[in-house]
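Breakdown of the fold
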Amino acid sequence: MKNEQILTNARLVLADQEITGTLVMNNGVITEISETISTDPQAENLNGHYLVPGLVELHTDNQEKYFTPRPKVDWPAEMAMMTHDAQLVAAGITTVFDSVALGDVIGDSTRVEKLEAMVAAIVESEQAGRNRVQHLLHLRCEVSFPGLMDFFERFIDTPGVGLVSVMDHAPGQRQFPAENIQKYRDYYQGKYSLKDEQMDVFIVEQQANSAEFADRFRRTICAACDERGIALASHDDATLAHAEESASFNMKVAEFPTTIEAAQASHRLGLKVLMGAPNVVRGGSHSGNVAAHALARLGCLDILSSDYYPSSLLQAAFKVAQLDNGYDLPQAIALVTANPAQAAGLDDRGTLAVGKRADLVEVKPDTALPLVERVWCAGKRVF
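Predicted model only: the values in this text are computed from it and were never measured. (Residues numbered from 1 in each chain as written. Predicted model: local features only at pLDDT ≥ 70, side-chain atom pairs only at ≥ 80, totals over all residues. Heavy atoms only, no water.)

1. What to know about the environment of Ala292
We apply this condition: Numbering of helices and strands runs from the N terminus, with a helix taken as a DSSP run of H or I at least four residues long and a strand as a DSSP run of E at least two residues long. The classification of residues rests on relative accessible area computed with a 1.4 Å probe and restricted to protein chains. Under 20% of the type maximum is buried, over 50% is exposed, and intermediate values are partly exposed. In this analysis, two residues are considered to be in contact whenever any of their non-hydrogen atoms come within 4.5 Å of each other.
For Ala292, the location among the structural elements is in helix 10 (residues 292–297). Under the relative-accessibility criterion, Ala292 is labelled buried at 0%. Measuring from C-alpha to C-alpha, the distance between Ala292 and Ala277 comes to 8.1 Å, with 15 residues separating the pair along the chain. Residues within four places of Ala292 in sequence aside, it is in contact with Met275, Gly276, Asn279, Val280 and Leu301.

Structure follows, in structure tokens:
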């Protein structure tokens, strides 16, 4: 057949097993998988390399560094997107939810200033066909930000919105519980160079905003997403009560739970527990929260996200398969393919199976790190 592509002598990582054999794709779809080695002269020999589904990334703000590569430096949007897209495809990511912040703890932050330009660049580059991987939108909603609903109403019906997360970074909430306000002070004083008296005022303002807006905004946003069929995610849940609240809002993903209690409860209640791939690669959380490998040992790690470092996604999946836990290679690869696709309602991808999109990554085993050799997105070679 004219558009048929045959990849043979590959270690195919399927949903529940690993086989050596052949995968055939045609017109962007997988049409055949077998445990035979093809002798067709058109077949490409992968020489025993792995073939895994294209990686699905639910939460990354990687694009921000290219829009503002240095403080007060504005970079052309088209070039910023091109560079971001290139880094993703080189990491084996074929579907990405670019996360954009609707509000911040500081109202005039770079994230807020660049919001409109970033959303426009993501949407326009996707519609124009300039991207090599598929870019969708993840709206991050800071519920203690007074102007959040203006942003939310402006962007919720933007083409490509597929995930919305709700978060509250005010002192006394989630990541910064009341007993750990000093951690909050240290973090934000260092980030924004605030003097002690400025920090005192900042804390009071953030707590007041959270008390006034957070609950109302969270409920309104969750209801609006339910009406539209858009997947919802919690963020930084720390307690059983947080997990139960998230489940009551029909959330599909629990992003970065900070404690074992919250992670286990979220998993038990049907939310997919998402942790950072850098957490796995580095061996723990950079902020002192629960380690992803600890959740893997408990069997409640469901999704990995590269967050701020795209190449960590594939490396983390292979590392999980090597650690002392119950995850074999197919289960570990599912953390970055099938599970995030399912959580976001993308039923056409995430596994190597007949009828699925031919989003594929050829991975060369290496003594140090698995290496991305080639990438296909909907059957088209893009790397």
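Here the narrative resumes, following the displayed structure.
2. Brief notes about the layout of surface pockets
Our working rule: Method remark: on a 1 Å grid restricted to protein atoms, a set of points is classed as a cavity if a 1.4 Å probe fits but cannot get out and as a pocket if it is open with protein on both sides within 12 Å along at least five of seven lines; lining residues have an atom within 4 Å of a point. Grid points are joined across faces, edges and corners, and a volume is the space filled by probe spheres set on the points. As a working rule, the residues Ala, Val, Leu, Ile, Met, Phe, Trp, Tyr, Cys and Pro are called nonpolar, Asp, Glu, Lys and Arg charged, and the rest polar, with Gly in that last group.
Considered as a void within the structure, the second largest pocket measures approximately 230 Å³ in volume. With six residues, the top contributor of residues to the lining of the second largest pocket is helix 11 (residues 312–322). When grouped by side-chain class, the residues that make up the lining of the second largest pocket number ten nonpolar, three polar and two charged.

3. A closer look at the pairing of strand 9 (residues 161–167)
So the rule is basically this: Here, a strand pair is defined by DSSP locating no fewer than two bridges between the strands. If the strands point away from the viewer and the path from the first strand over the helix to the second runs clockwise, then the crossover is right-handed.
Within strand 9, seven of the seven residues are buried, which leaves it mostly tucked inside the rest of the structure. Note that strand 8 (residues 134–142) and strand 9 share six bridges and pair parallel. Across the sheet, the residue bridging to Arg140 is Ser165, located in strand 9. Once you follow strand 8 into helix 4 (residues 148–155) and on to strand 9, the crossover reads as right-handed. Direction of pairing for strand 9 relative to strand 10 (residues 231–235): parallel, over a ladder of three bridges.

4. Section: the sheet that holds strand 6 (residues 55–60)
To keep things clear, this is the line we draw: Angular values range over 0 to 180 degrees, each being the angle between N-to-C directions of two axes fitted as lines to C-alpha atoms, with helices fitted over their stretch in contact.
On the basis of which strands lie adjacent, the open sheet formed by eight strands has the order 6-7-8-9-10-11-12-13 and parallel pairing. Both edges of this open sheet fall to strand 6 and strand 13 (303–305), since each of them pairs with a single strand only. In this sheet, neighbouring strand axes are inclined to one another by 25 degrees on average, regardless of whether the strands run parallel or antiparallel.

5. Here we look at the packing of helix 3 (residues 110–127) against helix 4
The criterion, for reference: Angular relationships are summarised with four words: roughly parallel below 35 degrees, roughly antiparallel beyond 145, roughly perpendicular across 65 to 115, and oblique for the angles in between.
The geometry of helix 3 relative to helix 4 is characterised by a closest axis approach of 12 Å and an angle of 5 degrees between their N-to-C directions. In terms of orientation, helix 3 and helix 4 fall into the roughly parallel class. Mapping the contact onto sequence places Val112, Leu115, Glu116 and Val119 in helix 3 and Phe151, Arg154 and Phe155 in helix 4. Class assignment of the residues belonging to the contact of helix 3 with helix 4 gives a composition of five nonpolar, no polar and two charged.

6. Re the packing of aromatic side chains
Worth spelling out the cut-off: Any pair of Phe, Tyr and Trp rings, taking the six-membered ring for Trp, is counted once the centres come within 6.5 Å. Such a pair is stacked with planes under 30 degrees apart, edge-to-face with planes over 60 apart, and tilted for the rest.
Applying the stated criterion to the full structure yields three aromatic pairs. Consider the rings of Phe213 and Phe217, whose centres lie 5.2 Å apart with planes at 20 degrees: the pair is stacked. In this pair, Phe213 and Phe217 both sit in helix 6 (residues 196–228), four residues apart, roughly one turn of the helix. Exposure remark for Phe213: the relative accessible area of 11% places this residue in the buried category. For Phe217, a relative accessible area of 4% gives the class buried.

7. A closer look at the side chain of Thr22
Note the following rule: Each polar contact in these results corresponds to two N or O atoms within 3.5 Å; when the atoms are within protein, one needs to be able to donate a hydrogen and the other to accept it, and residues that are neighboring in sequence are counted only if both atoms are side-chain atoms.
As for its placement among the helices and strands, Thr22 is situated in strand 2 (residues 18–26). Among the polar contacts made by the side chain of Thr22, one reaches the main-chain amide nitrogen of Ser38 at a distance of 3.3 Å. Every residue in contact with Thr22, bar those within four places of it in the chain, is listed here: Ile6, Leu7, Thr8, Asn9, Leu12, Glu32, Ile33, Ser34, Thr36, Ile37 and Ser38.

8. A short note on empty space enclosed by the protein
Empty space among the atoms can be located by rolling a probe the size of a water molecule over them. Enumeration according to the criterion identifies one cavity of 30 Å³ or more in this entry. Computed from the structure, the largest cavity encloses a volume of approximately 40 Å³. Looking at the lining of the largest cavity, the elements that each hand over two or more residues are strand 9 and strand 10. Class assignment of the residues belonging to the lining of the largest cavity gives a composition of two nonpolar, two polar and four charged.

9. Description of the pattern of salt bridges
Under the convention used in this document: By convention in these notes, a salt bridge is any Lys or Arg side-chain nitrogen within 4 Å of a carboxyl oxygen on Asp or Glu.
Under the definition given, this model contains eleven salt bridges. Across the pair Lys114 and Asp74 runs a salt bridge whose closest N-O atoms are separated by 2.1 Å. Note that Lys114 is positioned in helix 3 and Asp74 in the loop between helix 1 (64–67) and helix 2 (77–90), a separation of 40 residues in sequence. On the basis of relative accessible area, Lys114 is assigned to the buried category, the value being 15%.

10. Notes on unusual backbone geometry
With a phi close to 60 degrees, Asp236 is a non-glycine residue in the positive phi region. Note on placement: Asp236 falls in the loop between strand 10 and helix 7 (240–248). In this model, Ala378 sits at a positive phi of 50 degrees, which is unusual for a non-glycine residue. With respect to the helices and strands, the residue Ala378 is situated in the loop between strand 15 (371–377) and strand 16 (380–381). Residue classification places Ala378 among the partly exposed positions, given a relative accessible area of 33%.

11. So, the pairing of strand 3 (residues 29–34)
Relative to strand 3, strand 2 runs antiparallel, the two sharing five bridges. The residue of strand 3 that forms the bridge with Val24 is Glu32.

12. Regarding helix 5 (residues 181–192)
Cut-off, in case you're wondering: Between the first and last residue of a helix there are one fewer steps than residues, each counted as 1.5 Å, and that sum is the expected span. Throughout, the arc means the angular range of directions from the helix axis out to the C-beta atoms.
Here helix 5 spans 16 Å end to end across twelve residues, near enough to the 16 Å set by a 1.5 Å rise per residue. Those residues of helix 5 not exposed but buried are Tyr184, Arg185, Tyr188 and Gln189. In a view along the axis of helix 5, the buried residues occupy a sector of 115 degrees, so they form one face of it. Residues of helix 5 that are buried sit in contact with helix 6. Looking one or two places after helix 5, you find Ser193, whose phi comes out positive at around 55 degrees.

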